[in-house]
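# Report on the structure
What follows is each chain in one-letter form.
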Amino acid sequence: MYIIAETTCQRELRIYQQEPNVPGRRKPVCDNLGNYAHKQCIGSQCYCVLKNGTHIPGFSFNNWKAEQQTCYCAREQAEYEATGLVGKMFRCTNDGSYDSIQCTGQYCYCAWHGKQIGESSVHNGRLLVIESYGYIDGNQKYQKEEYLSVIPEGTMPTNNVLDLNCAREQAEYEATGLVGKMFRCTNDGSYDSIQCTGSHCYCADQNGKQIGESSVHITKMDSLNC
């Protein structure tokens, strides 16, 4: 009979469960192998850690804003840097999750959890940087966002904003294993101005929602003037 040794995370969790009300003690989260999960929380803060529980600096977040925090990018970046290798690029969000745009070498593409969505990519010199003022938590703060751009060189989109909603929502839908919903995405990952449901197509807004009530059979889609 083999006795499986208790890991550091499992031991810390056992001690916590024996005395759960000790001030300042965190409740660790362990993965299926007994390692520390990517994200740990204590008090009002959530943060990213390595498998051994070591804190990865720079990715702490208030726990009421950390529901979508995965820390996958932060950990994989830290593990890669620890090897001493160079050349692989990581684009992490402020909470340590993977950004929706990733790059390999000189080319960038839409991504889901760091993996490329589709086959389209653009040279990294054509990442469109949008600098604007916006409201965050009711306060006006400076924001700088980057969007994947496939617009012709020397031109700008009419609204100065490109989004990746279609590419992201398509990837999320496909990940469920469901079939039947149709997505018409442009090369830059945003919703096409024509969308279809079943055998009918219609003009759509930037969120893929139908504009008005008119629609045509999918075989007459080219007749739409959206």
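Coordinates for the structure precede this section.
The sections below set out a description of the structure shown in this document. Bear in mind the structure is a predicted one, so any value in this text is a computation, not a measurement.

## Let's talk about the pairing of strand S11 (residues 200-203)
Strand direction decides the pairing type here: strand S10 (residues 194-197) and S11, joined by 4 bridges, are antiparallel. Residue pairing across strands places Gln195 opposite Tyr202, the latter belonging to S11. Of the pairings in the sheet, the one linking S11 to strand S12 (residues 216-217) comprises 2 bridges and is antiparallel in character. Each bridged residue has a counterpart across the sheet, and for His200 the counterpart in S12 is His217.

## Re the side chain of Asp95
When you line up the elements, Asp95 lands in the loop between helix H2 (72-82) and strand S4 (101-104). Of the side chains with opposite charge, Lys39 lies nearest to the buried Asp95, which makes no salt bridge, at 7.8 Å. Polar contacts involving the side chain of Asp95 include one to the side chain of Ser97, which spans 3.0 Å. Ignoring any residue separated from it by four or fewer positions in sequence, one finds Asp95 in contact with Cys48, Phe59, Phe61, Gln68, Gln69 and Cys71.

## Concerning the pairing of strand S5 (residues 107-112)
Here S4 runs beside S5; their pairing, made up of 4 bridges, is antiparallel. Pairing of Thr104 across the sheet is with Tyr107, part of S5. Here S4 hands over to S5 after 2 residues, with Gly105 in that stretch at a positive phi of 65°. Summarising the sheet, S5 and strand S7 (residues 122-123) pair through 2 bridges and their orientation is antiparallel. Looking across to S7, one finds that Cys108 is bridged to Val122. Turn length for the S5-strand S6 (residues 115-116) hairpin, with the two strands adjacent in sequence and antiparallel, is 2 residues, and the turn residue His113 shows positive phi of about 55°.

Reading the values: rules and limits
Residues numbered from 1 in each chain as written. Predicted model: local features only at pLDDT ≥ 70, side-chain atom pairs only at ≥ 80, totals over all residues. Heavy atoms only, no water. Pairing = 2+ DSSP bridges. Helix = DSSP H or I, 4+ residues; strand = E, 2+ residues; numbered from the N terminus. Buried < 20%, exposed > 50% of the residue type's maximum accessible area, 1.4 Å probe, protein only. Lys, Arg positive; Asp, Glu negative; His and termini not counted. Salt bridge = Lys/Arg side-chain N within 4 Å of Asp/Glu carboxyl O. Polar contact = N/O pair within 3.5 Å; in protein donor to acceptor, adjacent residues only side chain to side chain. Contact = heavy atoms within 4.5 Å.

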